Amino acid sequence: MPEGRRDWGWLTLTLVASDLGAVLLAFWLAAALVWRTGVGINGGNDSDWLVLVMVPVLGAIFFAQGLYEPANLLVGAREFAGVFRASSYGLLAITVITFVLRWPLSRSWTVASWALMTGLVIALRFGIRRVAAALRRRGRLTERAVIVGADEDSIALAEQVNQPGSGMRVVGILDDYIPTGTQLPGGLRVVGPSSSLMETTSRLQVHDAIIAPQALPWETLRELILVSATRANGLQVHLSAGFYDMLTAGVRFSERSHVPLLTLRKARLSPVERAVKAVLDRGLATVLLLGLSPALLLMVAWQRRHAGQSLLDRRRVLGARGASFDLLSFHSSAPFASNLLAKLPGLLNVLRGQLSLVGPRPLTEAETRTLPSMPLTTIQPGLTGPWRQGADPTEQATLDVYYVRSYSVWLDVAVLFERAMVRLRPFVKRCLDLAGATLLLVLTSPIVCACFAAVWIESGRPLIHRRRVIRRGGGTFDAFKIRTMVRDADRILSEDASLRSAFSASNKLASDPRITSVGRWLRRLSLDELPQLVNVLRGEMSLVGPRMITQAELPEWGASGRLLLSVRPGLTGLWQVSGRQLLSKAERIRLDAEYVRRMSLRLDLMILARTLLAVASGHGAY
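Read on for an overview of the structure.

A separate point is the side chain of Lys-277. The topology assignment puts Lys-277 in helix 9 (residues 271–291). Lys-277 sits in the buried class, given a relative accessible area of 4%. Excluding residues that lie within four positions of it along the chain, Lys-277 makes contacts with Leu-269, Ser-356, Val-358, Tyr-403, Tyr-407 and Asp-412.

Right under this line is the structure:
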């Protein structure tokens, strides 16, 4: 059995056990809450029979609701909605069984057991989902898949599916026009023609196949659908929609004279959704204005005293139904340095009903003429929204339409929470840097003094080496290190062609003749980097971040260079705890880019913990 199938089997068994435990615990707690013996039945020993009857009945209901089918697990709210329905059906089953058998039933116990059952099962499944998500990021609970049809869109689809935690990994592409074995962008390979779908998926132990209709002739597509529907080999076949711009508006199935149709939905909110959204917008806008009023008053007073001009910028944008209005913002956030504070006058637009807290990107009339897609005129633009995750206007437009299609109050709350976290993470990370660097400087000061003494005794001054590296935003600063090389190290490297060649390959030398005896020990124990704690306190570096590099190394990053410039370099990082100098230059660049994409407080704490183990082992250091 493939490893992915075994993982799903273990997950199913875990869910069955947790659901059984939650149901039994709910019955017991309900009885305790309503001060009843047994399970709340006034029938003596009959209470035990009710439990024995209800456990298999609830199990059958849970299975019937698809609560153990992989398609309903680990993604979206379908799983939790199924739990709610199953618990409600279980409540109905208890009522029917006790009525037929004429057992007296405590109504208080019935309601309590239903509420507890629903809450406990959802809570346990939520915990299991978090564990499963962590396993997925490590490649577990992941199905192998192939894509049928090779073109630009299907390759981009494969790269998206292969993101860590997606639950699916594309292992190859089937195509009739590209020879088998051809290497495609993104590390993908053509593994056969489309006619070999069943044989190839069986050989590669693949469970899913994604067909890209736009990359196939109609005859081939029809044949693949017919074969996949009639062959009983367990292969799940999916169709990837090639008409993205239409499907982002949402579709519903309809039928006319037995002809199935896909009907496009309008990108708009229902009257109830608009009413709830208006209450949420105005309520939160009022709270934010009142809560931040001291900062706003200080900004107004400061700017009136120093700026001597109009406080507000007015940008003419289009609102719902094409009505235009002036989007308000401050000229600057002085005396603070915060883009968030500069945008706060936009809350007045929210209170006026011209703008939403969360919604599509506000566009000027000129911008609507240059966009490749039509602007959304059926919903108010937002002060923030999913569009802030994209930098390209086309990508932002797509995110806007997805937002409308998936709209719910919870989506607005989720977007606001995520934006708040984006604002708070740098502050929390800086607090961690200051506290950690201060503590480490105090604890390691005797060690640093001893290292300085050893360097001075062996080779004299200077004791500190200053390396000119790139800071966040593209500037430069001097990163401090205890000197581990001879004083004329740069001259030795410039005069030796073989050393220069080896150094350019990885920016490190496994047997560097320039390193002193003391320096070799300092590097092995990573003690030479302790003075960089001063760089951390000065705000030039962070405890955790990508590797610091020089201006000359920046071109090697290619497209990932802008990721590097968006954060502070780190004293330690993902590549340092993943092999250190044993990694190739390409692997170090990939790991640093991955860190910037996944950056979080939890990841920082994990890297700091692993750094202690890496330093203690000395593995990969030279």
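Having seen the model, we can carry on.
Turning our attention to the nonpolar core. Ranked by size, the top nonpolar core spans 31 residues in total, and within it Leu-11, Phe-27, Met-54, Leu-74, Trp-109 and Met-117 carry the most contacts. Mapped by element, the contributors of at least two residues to this core are helix 1 (3–33), helix 2 (46–64), helix 3 (78–100) and helix 4 (107–137). Tallying contributions element by element places helix 1 first for this core, with 9 residues. Apart from residues lying up to four places away in sequence, Met-54 is in contact with Phe-27, Gly-90, Ala-93, Ile-94 and Ile-97. Grouped together as the second largest cluster of nonpolar side chains are 30 residues, Ala-479, Ile-482, Val-518 and Trp-575 included.

A separate point is the sheet that holds strand 1 (residues 143–148). Two modes of strand pairing occur in sheets, parallel and antiparallel, and in both the strands are linked by backbone hydrogen bonds. Pairing within the open sheet is mixed, and its 6 strands lie in the order 3-4-2-1-5-6. Edge positions in the open sheet fall to strand 3 (183–184) and strand 6 (236–239), since each of these has one partner strand only. For strand 1 and strand 2 (residues 168–174), the ladder comprises 6 bridges, and the chain directions are parallel. Note that in strand 2 the partner of Ile-147 across the bridge is Ile-173.

What follows covers the layout of surface pockets. Approximately 2,200 Å³ is the volume attributed to the largest pocket. In terms of lining residues, the largest pocket is bounded by 49 residues, among which Glu-418, Arg-419, Met-421, Val-422 and Arg-423 are the most central. Only helix 9, helix 11 (339–342), strand 12 (382–384), helix 14 (393–405), helix 15 (409–459), helix 20 (561–564), helix 21 (585–598) and helix 22 (601–617) provide two or more residues apiece to the lining of the largest pocket. The leading source of residues in the lining of the largest pocket is helix 15, at 13 residues.

A covalent bond between the sulfur atoms of two cysteines is what we call a disulfide. With the rule as written, the count across this model stands at 0 disulfides. The structure places no disulfide on Cys-449, whose sulfur is separated from the nearest cysteine sulfur, that of Cys-451, by 9.2 Å. Looking at Cys-451, the relative accessible area reads 5%, which means it is buried.

A word on the packing of aromatic side chains. Scanning the model with the defined rule gives 2 aromatic pairs in all. Here Phe-63 and Tyr-68 contribute two aromatic rings whose centre-to-centre distance is 4.5 Å and whose plane-to-plane angle is 45 degrees, an arrangement assigned as tilted. Exposure remark for Phe-63: the relative accessible area of 52% places this residue in the exposed category. Geometrically, the ring pair formed by Phe-84 and Trp-114 is edge-to-face, given 5.9 Å between the ring centres and 70 degrees between the ring planes. Here Phe-84 is found in helix 3, whereas its partner Trp-114 is found in helix 4, with 30 residues between them in sequence.

Inspection of the secondary structure puts Val-55 in helix 2. Sequence separation of Val-55 and Val-23 is 32 residues, and the distance between their C-alpha atoms is 7.7 Å. Every residue in contact with Val-55, bar those within four places of it in the chain, is listed here: Leu-20 and Leu-24.

Let us now look at the side chain of Ser-87. Looking at the element boundaries, Ser-87 is found in helix 3. According to the relative accessible area criterion, Ser-87 is buried, its value standing at 1%. In this structure the side chain of Ser-87 is engaged in a polar contact, spanning 3.3 Å, whose partner is the side chain of Thr-118. Other than its neighbours up to four places away in sequence, Ser-87 contacts Trp-114, Met-117 and Thr-118.

About the cut-offs
Residues numbered from 1 in each chain as written. Predicted model: local features only at pLDDT ≥ 70, side-chain atom pairs only at ≥ 80, totals over all residues. Heavy atoms only, no water. Helix = DSSP H or I, 4+ residues; strand = E, 2+ residues; numbered from the N terminus. Buried < 20%, exposed > 50% of the residue type's maximum accessible area, 1.4 Å probe, protein only. Contact = heavy atoms within 4.5 Å. Core = buried A, V, L, I, M, F, W, Y, C linked by side-chain atoms within 4.5 Å. Pairing = 2+ DSSP bridges. 1 Å grid on protein atoms, 1.4 Å probe; cavity = no way out; pocket = protein on both sides within 12 Å on 5 of 7 lines; lining within 4 Å. Points joined across faces, edges and corners; volume = space filled by probe spheres on them. Disulfide = S-S within 2.5 Å. Phe/Tyr/Trp six-rings, centres within 6.5 Å; stacked < 30°, edge-to-face > 60°. Polar contact = N/O pair within 3.5 Å; in protein donor to acceptor, adjacent residues only side chain to side chain.

In short, the description is geometric, and any link to function would need to be established separately.
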